[in-house]
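Tertiary structure, described
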Amino acid sequence: MASIYILSVLVVLLVKAQRESLGKAEDISLVRYIEGRILLLEDRLYKCEQDIQQSMQLFKDLSHKLILRQDSFNRYKTEAKNEMDNLLARLERAEWDIDYLETTTSSNACLEVDDHLVEKQVIEHEEYEEEERKIQMNLNTSCNSMLAHIKSQKTVKKTKITIGSWMKNCDNQSDPQEIYFFSGAKNNVILTFANIRDFSSTGYMQKAEHLYLPFFWQGTGHALYHNYLFFHKNGTLNEIVRYSLRDNVTQSMELHGVGDLSPYQLSPFTKIDFAVDEQGLWTIHADSDIEGNIVLTKLNYNNLTIEHTWNTTCESTNAEAAFVICGTLYVMYNSPNGGRSHIDCIYDTSDIISIHETPTLYFPKRYSSHSSLHYNPVDQTLYGWDEGYQMLYKFESKPKFAQP
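Computed from a prediction, not measured in an experiment: that's the story for all the values here. Positions within a chain are numbered from 1, following the residues in the order the chain's sequence is written. Predicted model: local features are reported for residues with pLDDT of at least 70 only, side-chain atom pairs are reported and counted for 80 or more only, and whole-chain, interface and lining totals are derived from all residues. Remark: hydrogens and water are excluded; side-chain values derive from all non-hydrogen atoms of the structure.

Structural notes on the overall build of the chain
Numbering goes from the N terminus for both helices and strands, where a helix is a DSSP run of H or I of at least four residues and a strand is a run of E of at least two. Of regular secondary structure, the chain possesses three helices and 20 strands. Counting over 404 residues, the chain shows a buried share of 40%. For accessible areas, the Shrake-Rupley method is used with a probe of radius 1.4 Å. Any residue's cover is judged against the shown protein chains and nothing else. Only carbon and sulfur atoms are counted for the fraction: they give 53% of the accessible area of the chain, which is about 24700 Å². Each residue's exposure class comes from its accessible area (1.4 Å probe, protein chains only) as a fraction of the maximum for that residue type: buried when under 20%, exposed when over 50%, partly exposed otherwise.

Quick look at the structure:
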């Protein structure tokens, strides 16, 4: 029995020993397997690191190439800009040459006239001349000229303000050199300058005198006539003010039926425009009762009364400004996007000039569009405000009718 027990114990111990040896073998195999997987992961990580470094190097090379390309593009851009500037300068020079040719050559229209029309004109020639002489006598003025073409232009100054007006006093008794500067479509401060040299100088603000009005103006249609300033009072529909530059006294009146519409579609901030010519003071406005066409009114500047009103055939559509010379209204038109200003409609209060015989008169192309244009009969010059540029226009005239 004892031997059997001992044998049983030995068997048990042997089995336990075998089991322990097998467990150790399995642990060693598992450890070796894990070690193999770790080595494989290390190899893969090393390969990934090499790929990343290679990609970074490629990106660096690409970035360097892009920087070089950008520098090259910048050089091309600068060269292209210089070429465009040169081209624009050449185009502008060509436009000036074309303008010069247009102003120095007359445009003669070819007309085919039937024989019976020629005969009729010959028969009525004497009656026509007699009618012209009667009209000349009724004008009660020595002015009988009309605008022929714009001869030249001069840029006096450039300001940052796109809307405004500037002018001189239309009076032979006042200082012929003094400049009046109206900034914006709503203001009550006028800058005055002793002469055009001070006005066009670099430090012009230090040379300006400030004139404060008792009311704000509306629009850009002001006028200076015989030491009176005429303007549309801001905040009112149709009240116009006469302000004395001598004693600061004001007088006002209302133009009934005026102010709802602007006479200029392209300058809607101006509802009432004043004009001065050889015959006196005028207002230019629109009337909704005649489809928005421009209306011309002659005023007595002494007592602010209406002398006469004319319903013209000039449309306000695409109009930007107007002025009066010798009793004739000249309306300037343009494109809504800005372009070359031109006079495409005139209205003669004496009925001498036929609109069918008047060609379109072009202004030299320069900037965009005019916010104001005023004629001074003293120096016979047009004062324009073109997109912040203060312009002077000289023109040539011709007789309205043949002298008897």
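There is more to say, and it comes next.
A closer look at the sheet that holds strand β14 (residues 319–325)
Strand order in the open sheet formed by four strands is β14-β15-β16-β17, with antiparallel pairing between adjacent strands. Pairing within the sheet leaves two strands with one partner each, and these edge strands are β14 and β17 (361–362). Of the pairings in the sheet, the one linking strand β16 (residues 342–348) to β17 comprises two bridges and is antiparallel in character. Considered in β17, the bridge of Ile343 is made with Leu361. A strand pair is defined by DSSP finding two or more bridges across the two strands.

Some words on empty space enclosed by the protein
Put plainly, a pocket is an open set of points on a 1 Å grid over the protein atoms alone with protein on both sides within 12 Å along at least five of seven lines, a cavity is a set where a 1.4 Å probe fits but cannot get out, and a lining residue has an atom within 4 Å of a point. Grid points are joined across faces, edges and corners, and a volume is the space filled by probe spheres set on the points. Here the structure, examined in full by the defined rule, presents three cavities of 30 Å³ or more. The space that makes up the largest cavity amounts to roughly 90 Å³. When residues of the lining of the largest cavity are traced back to their parent elements, those giving at least two are β6 (223–225), β10 (273–277) and β18 (370–376). When its residues are assigned to classes, the lining of the largest cavity shows eight nonpolar, three polar and one charged. Side-chain classes follow a simple rule in which Ala, Val, Leu, Ile, Met, Phe, Trp, Tyr, Cys and Pro form the nonpolar group, Asp, Glu, Lys and Arg form the charged group, and the remainder, Gly included, forms the polar group.

A look at the state of the cysteines
Criterion for a disulfide: a pair of cysteine sulfur atoms at a distance within 2.5 Å. Tallying each qualifying case throughout the model produces two disulfides. With a sulfur-sulfur separation of 1.3 Å, Cys143 is cross-linked through a disulfide to Cys326. Remark: Cys326 occurs in the loop between β14 and β15 (328–333) and Cys143 occurs in the loop between α2 (115–139) and β1 (145–158); sequence separation between them is 183 residues. For the pair formed by Cys143 and Cys326, the shared burial category is buried. The disulfide partner of Cys314 is Cys345, and the S-S distance across this bridge is 2.1 Å.

Some words on unusual backbone geometry
The residue Asn227 is not glycine, and still its phi comes out positive at about 65 degrees. By relative accessible area, which is 12% here, Asn227 ends up buried. Unusually for a residue other than glycine, Asn318 sits at a positive phi of about 65 degrees. Along the chain, the position of Asn318 falls in the loop between β13 (305–311) and β14.

Notes on the side chain of Thr297
In this fold, Thr297 is placed in strand β12 (residues 294–300). For this analysis, a polar contact is any N or O atom pair within 3.5 Å, provided that within protein one partner can donate a hydrogen and the other can accept it, and provided that sequence-adjacent residues contribute only side-chain to side-chain pairs. Here His285 takes part through its side chain, which lies 3.0 Å from a polar atom of the side chain of Thr297. Residue contacts are defined here by distance: any two heavy atoms, one from each residue, within 4.5 Å place the two residues in contact. Sequence-distant contacts of Thr297, defined by excluding residues within four places in its chain, comprise Leu281, Trp282, Thr283, His285, Ile306, His308 and Thr309.

Re the confidence of the model for the chain
Each residue carries a pLDDT score, the predictor's confidence in it, ranging from 0 to 100. Across the chain, the average pLDDT comes to 83, with 78% of residues at or above 70. Confidence drops under pLDDT 50 across residues 132–140; counting only partners more than four residues distant or on other chains, this segment forms eleven contacts.

Here's the deal with the sheet that holds strand β9 (residues 250–254)
Within the open sheet, the four strands sit side by side as β6-β7-β8-β9. Their pairing is antiparallel. In this open sheet, the two edge strands, each paired with only one partner strand, are β6 and β9. Between one strand and the next, the sheet's axes are offset by a mean angle of 20 degrees, whatever the strand orientation. Two strands pair when backbone bridges link them, and strand β7 (residues 228–232) and strand β8 (residues 239–244) are joined in this way by five bridges, in the antiparallel orientation. In this description, a line fitted to the C-alpha atoms serves as the axis of each element, helices being fitted only across the stretch in contact, and the angle between N-to-C directions of two axes falls anywhere from 0 to 180 degrees.

Some words on the nonpolar core
Counting residues in hydrophobic clusters, the biggest one holds 22 residues, and the most contacted among them are Leu147, Phe323, Phe363 and Leu382. For this core, the element with the highest residue contribution is strand β20 (residues 389–399), accounting for four residues. Setting aside residues up to four positions removed in sequence, Phe363 forms contacts with Ile150, Phe323, Met332, Arg340, Ser341, His342, Ile343, Leu373, Leu382 and Tyr393. Residues belong to one nonpolar core when they are buried, are Ala, Val, Leu, Ile, Met, Phe, Trp, Tyr or Cys, and are joined through side-chain atoms within 4.5 Å. Ile294, Trp310, Val331 and Cys345 belong to the second largest nonpolar core, which has 16 residues in total.

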